[in-house]
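Here's the letter readout for the chains.
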Amino acid sequence: LGVKDGMANFQGMYTPNGVFLFEMGLRLNGNNDWIFIERTNGISFVKMMISHSITGNMCDDLSKDNPKFNEYFCTLPIYAHEGVIGELDYSAIVDKPWVEISTQNAGVGSIIQEDGTSRQKVIAFLINAGNITELKDRIKFIQDNLIVNDVDGKDMKFQPFDYEVLRE
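Being a predicted model, the structure only gives us computed values, none of them experimental. All chains use their own residue numbering, which begins from 1 and follows the written sequence. Local features in this predicted model are restricted to residues whose pLDDT is 70 or higher, and side-chain atom pairs enter the listing and the counts only when it is 80 or higher, whereas totals over whole chains, interfaces and linings include all residues. Side-chain numbers come from the whole structure's heavy atoms, not from hydrogens or water.

## Points about helix α3 (residues 132-145)
Starting at the N terminus, helices and strands are each numbered in turn, a helix being any DSSP run of H or I of at least four residues and a strand any DSSP run of E of at least two. Given a helix with a known number of residues, its expected span is that number minus one, times 1.5 Å. Its 14 residues place the ends of α3 20 Å apart at the C-alpha level, agreeing with the 20 Å of an ideal helix rising 1.5 Å per residue. When we look at burial in α3, the residues that qualify are Ile 132, Leu 135, Lys 136, Arg 138, Ile 139, Ile 142 and Gln 143. Down the axis of α3, the sector holding all buried residues measures 165°, keeping them to one side. Exposed side of α3, more than 90 degrees from the buried face: Thr 133, Asp 137 and Asp 144 are the residues found there. In the core, the buried residues of α3 are packed alongside β3 (72-79), β5 (99-104) and β7 (121-129). The distance from a side-chain oxygen at the start of α3 to the backbone nitrogen of Thr 133 is 3.2 Å, and the residue carrying that oxygen is Asn 131. For each residue, the accessible area found with a 1.4 Å probe, counting protein chains only, is set against the maximum for its type, and the residue is called buried under 20%, exposed over 50%, and partly exposed in between. When we speak of the arc, we mean the arc of directions from the helix axis to the C-beta atoms. Only heavy atoms enter the contact rule, under which two residues are in contact if any of them lie within 4.5 Å. Side-chain atoms alone can form a polar contact between residues adjacent in sequence; in general such a contact is a pair of N or O atoms within 3.5 Å, and within protein one must be able to donate a hydrogen while the other accepts it.

Next comes the structure, spelled out in structure tokens:
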């Protein structure tokens, strides 16, 4: 393709029949997982892309880009069923040092339509953990403590992610 600089990402899923890739992007991805890479390797893909757009130079030492992280990282998106959000509370979650908000697409008063698209994603969290057990506990904590209720007080969240499927 002749690509010399930039950022590429692949998204896929693991199944009993193997790993299947379903998306490739030549851009920063929407999950903001570049935050994990910066925290782990000291490389900022955002700064690199801005520098390249201004100077034509990526401005960082790519030898620091080590894909073998010493922690587990994940993005946990939370989707909601149709309705008007009457309450969105993540206050018990965001004060933890191991989590931050990746994206927040909706808030109180937002109308969610049941259209099967990413417009049903209310919020996504970035989580880090030292091992799988800790990661499972942290996902459970978020799912147990996040409130996304409609104006009548009914829980709008999709069925929780089954974190028990995670393996070392």
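## A word on the pattern of salt bridges
Criterion for a salt bridge: a side-chain nitrogen of Lys or Arg within 4 Å of a carboxyl oxygen of Asp or Glu. Inspection of every chain in the model, using the stated rule, returns eight salt bridges. Arg 39 is paired through a salt bridge with Glu 100; the nearest N and O atoms lie 2.5 Å apart. Note that Arg 39 is positioned in helix α1 (residues 34-41) and Glu 100 in strand β5, a separation of 61 residues in sequence. Since its relative accessible area comes to 41%, Arg 39 is described here as partly exposed. On the accessibility criterion, Glu 100 (27% relative accessible area) is partly exposed.

## Points about the layout of surface pockets
Grid points spaced at 1 Å and placed over the protein atoms alone form the basis of the search, with a cavity being a set where a 1.4 Å probe fits but cannot get out and a pocket an open set showing protein on both sides within 12 Å along at least five of seven lines. Lining residues have an atom within 4 Å of a point. Grid points are joined across faces, edges and corners, and a volume is the space filled by probe spheres set on the points. Considered as a void within the structure, the largest pocket measures approximately 1,600 Å³ in volume. Contributions of two or more residues to the lining of the largest pocket are made by β1 (9-15), β2 (18-25), α1, β3, β7 and α3. Looking at the lining of the largest pocket, the element that brings in the most residues is β3, giving eight residues. Here the lining of the largest pocket is built from residues that sort into 27 nonpolar, nine polar and nine charged. Nonpolar residues are Ala, Val, Leu, Ile, Met, Phe, Trp, Tyr, Cys and Pro. Charged residues are Asp, Glu, Lys and Arg, and all others, Gly as well, are polar.

## A few points about the environment of Asp 89
Note that Asp 89 resides in strand β4 (residues 83-89). When its relative accessible area of 26% is taken as the criterion, Asp 89 is described as partly exposed. Sequence-wise, Asp 89 and Val 108 are 19 residues apart; in three dimensions their C-alpha atoms are separated by 9.4 Å. In this structure the side chain of Asp 89 is engaged in a polar contact, spanning 2.7 Å, whose partner is the side chain of Ser 91.

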